[in-house]
Amino acid sequence: MNITVISEYISAEVYGSLADQEIKWLLTDSRSLSFPAGSLFFAIKTRRNNGHNYIPELYRQQLRHFVVSDLPQNYKEFPGAIFLLVPDTLRALQQLAAVHRSNFSVPVIGITGSNGKTVVKEWLYQLLHTDRVVTRSPRSYNSQIGVPLSVWGLNEKTQIGIFEAGISQPGEMTFLEKVIKPEIGIFTNLGDAHQETFRSLKQKCEEKLKLFSDSKVLIYNSDNKLVDIAVKQSGFGGQLFRWGKEANCTLRITEIKKGKTSTDLRLNYQHNDFTIEIPFVDEASVENTLQCVAVLLYLGYKSQDIQAKLQKLEPVAMRLEVKTGVRNCLIINDSYNSDLNSLVIALDFLQQQATDKNLSRTLVLSDILQSGQTSGELYAEVAGLIRNRSIHKLIGIGHEISQQSSLFADIDAVFFDDTESFLKSGIHYDFRNEIILLKGSRKYRFEDILSHIELIAHETTLEVNLNALADNLNYFRSKLRPETKVMSMVKAFAYGSGSVEVARSLQHHRCDYLAVAVADEGAELRREGIRIPIVVMNPEKGGFGLIFDNNLEPEIYSFRLLEAFIAEAAKIGVSDYPIHIKIDSGMHRLGFEMADMEKLVALLASQNQVKVRSVFSHLAGADDPQFDGFTRQQVRVFGECADKIAEAFPHYIMRHILNSAGIERFPEFQFDMVRLGIGHYGISALPDVKLAQVCTLRTVILQIKNIKSGDTIGYSRKGIADADKRIAILPVGYADGFDRKLSNGVGEVFVNGKRAKLIGNVSMDLIMIDVTNIEASEGDMVEVFGRNITISEMAEKLHTIPYEILTGISRRVKRVYFQE
């Protein structure tokens, strides 16, 4: 679409000379710029950020087209730039996408609900893309920003569109409906996600149903009575395609038979009975499959054709996994699907993960199937992406990409017809000091490549969900004023989660400060490319050199430490080095007391080697209402000390006292900055708040044994079978951080949808569990803690705190990072 036409559609006031420029890419994240000439940046303001701040940076990268709500005062200093001034840049983005949507008469499917949106969308893509050119939301782009960016992907070759829409508060769906305008609506289900902003589930259901106000048909599970009633009361004027077990359903379930790895569904549609088999047994997958079956029936597919398609249905991998590779390689695994949109997202993630530790960037890419473009057009665009993202090496696998090798002539590239040929070539043995992105369609079996280049480790793994980490960060940010800074605690190996990857993710999400315990931790983060300020909470005299060499900022808590640090700064000729003064406001650990203030101010004023950047203190009981009076007393003491220091110096000195619990319970004391620690990992001080679980400890069943009544299990013969039992042995023990006090029925794990109690003592490397009444096999995955058995629950059984559980996970447990 031409920039002149866009300015008219969004009713913008134009500053600069409009040129005849076609806009292909809409941009809201300055870090995702690939093609400056054809991109239009929307400077969106959020509660925590302001896109206008990144205009100079984007201009330096040759971007010239901006949609703004605040015209830069110095806009004339950006020669050649065009500024489209609008009252609200987010609404302008949605308005433009809505106009773009109106140019297409192809069927569009809109999907909403509390869970399953992305799975249903991806499965519909799997089922339809061999017959039609499909444009769909990339991954989970279902927000106020993500939806218009997704709909912008509609093009002249699109034959059907599939878009998901999510909301977090009332009023949002009205805007998304104008953008998607779905002809076919799917309501997946109703749950308590984002419930805190709605009065009731009924209100949330009614809000979500606004997506379908002008749809021709609405598909939903009428066995959910709240949804069924809300639909009937909504005044929906189109066709209701109800599926479920009731006799009057459009698609009726007459029988469900579950096997070990598949489910048989006997269905009735238009008075015809038929049976389908799906390669899943869990309830969520059965429900999501039935949503897809209903869509195919509505589109006119025959039952036998649907059955054939369902047999090829693959699980949806909703995450990008970061794995440790051989020979100092880092692997980003996205070997599940390959299309242009998901390639862009994966390359963005690759950039985020890139560090300054001298790792080169390698892309292993399969053919991109059913793109709707000619092979030449498609791979010319791919080549442009690779050049713009500074990929050092390309390995193309597939007939089509190999045929277009000339388009990659200026890139270090090699091509193979299939994965087997690549592995036979032995090139993967040369991978060394590289970040490798595996991006491939299922048919190319890139998991075979992964098995050759992944560093094999302990079968017990700690999965770290980087999306959940960001979600929790944003939850706590929602309690703060926009200008309040956040210091994220990544000490103690980021509470056991892995400091480097967690710090890299927090930096990407524009955290203001990081905090570590000792200088060695901060130096490691600097070596891994972390640029934002880092505070060392427990500096030692022997670590002063690391602090200065790596631009770390020490906490200063005593005169002895302050004098030593000033002396070291003077010795190396440093002045105005930033420090953070710790106040003991009542916890009585480290810190200066009120009686020290006069001497402290005099010492600080007598030198110019260090400069106070912040004054802070620790709350002793912010999570416990019985200590609220003491908490307020601590804040008062801290305020008086901070005032004495601030009054003595002309520059502004930040203040901070709130920890995770304090942010939730005492937001009025947020001052200039807060320190977020355990809250990052899903632990809330409020009983009704359910934060996202960041860490999941998983292991596998090594062996299953049948034990006779009276036999004993494990060391010291503490586990006694009171009846014939079936036990499973798992490779996790106290050397991994699984506490020995969980022995003999105290602890539980989660196996195939059921809890299993420990039997016998926890040993160094193994535990035994009772699976007598659980369908389990050797090799099955087991959750030690995570979504089903929370860290808080485990901590309660051990009479400790979640901090100890997380930080106790051994370094030998492999950390696997993923982004959904």
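Everything that follows concerns the structure shown earlier in this document.
The structure reproduced in this document is the subject of the present report.

Calculation notes
Residues numbered from 1 in each chain as written. Predicted model: local features only at pLDDT ≥ 70, side-chain atom pairs only at ≥ 80, totals over all residues. Heavy atoms only, no water. Salt bridge = Lys/Arg side-chain N within 4 Å of Asp/Glu carboxyl O. Helix = DSSP H or I, 4+ residues; strand = E, 2+ residues; numbered from the N terminus. Buried < 20%, exposed > 50% of the residue type's maximum accessible area, 1.4 Å probe, protein only. Pairing = 2+ DSSP bridges. Axes fitted to C-alpha atoms, helices over the stretch in contact; angles between N-to-C directions. Contact = heavy atoms within 4.5 Å.

This paragraph deals with the pattern of salt bridges. Throughout the structure, instances matching the rule amount to 42 salt bridges. For E377, the salt bridge goes to K157, with nearest N and O atoms at 2.8 Å. Taken together, the residues E377 in helix α12 (residues 375-388) and K157 in the loop between α5 (146-151) and β8 (160-164) connect sequence positions 220 residues apart. Under the relative-accessibility criterion, E377 is labelled partly exposed at 40%. For K725, the salt bridge goes to D770, with nearest N and O atoms at 3.0 Å. With a gap of 45 residues between them, K725 in strand β34 (residues 725-730) and D770 in strand β37 (residues 767-770) connect regions that are remote in the sequence. The class for K725 is buried, based on a relative accessible area of 17%.

Moving on: the pairing of strand β14 (residues 272-278). Bridge count between strand β13 (residues 263-269) and β14: 7 bridges; the pairing is antiparallel. Note that in β14 the partner of D264 across the bridge is E277. In sequence, β13 turns back onto β14 through a hairpin of 2 residues, with Q270 there showing a positive phi of about 50 degrees.

Moving on, we come to the sheet that holds strand β19 (residues 413-416). Taken in spatial order, the 12 strands line up as β19-β18-β17-β20-β16-β15-β39-β21-β30-β38-β35-β36 in an open sheet, and their pairing is mixed. The outermost strands of the open sheet, each flanked by one partner alone, are β19 and β36 (754-757). Along the sheet, successive strands turn relative to each other by an average axial angle of 25 degrees, direction set aside. Relative to strand β38 (residues 781-785), strand β35 (residues 748-751) runs antiparallel, the two sharing 2 bridges. Its bridge partner lying in β38, F750 is registered against E783. Sheet strands touched by helix α16 (residues 466-477): β21 (461-465) and β39 (814-819). Its angle to β21, the strand with the most contacts, is close to 45 degrees.

The next point concerns the environment of F187. Note that F187 resides in strand β9 (residues 184-187). Separated by 480 residues in the primary sequence, F187 and P667 have C-alpha atoms spaced 37 Å apart. F187 has contacts with T112, G113, C205, K208, L209, F212, L218, I219, Y220, V227 and Q291, leaving out every residue within four places of it along the chain.

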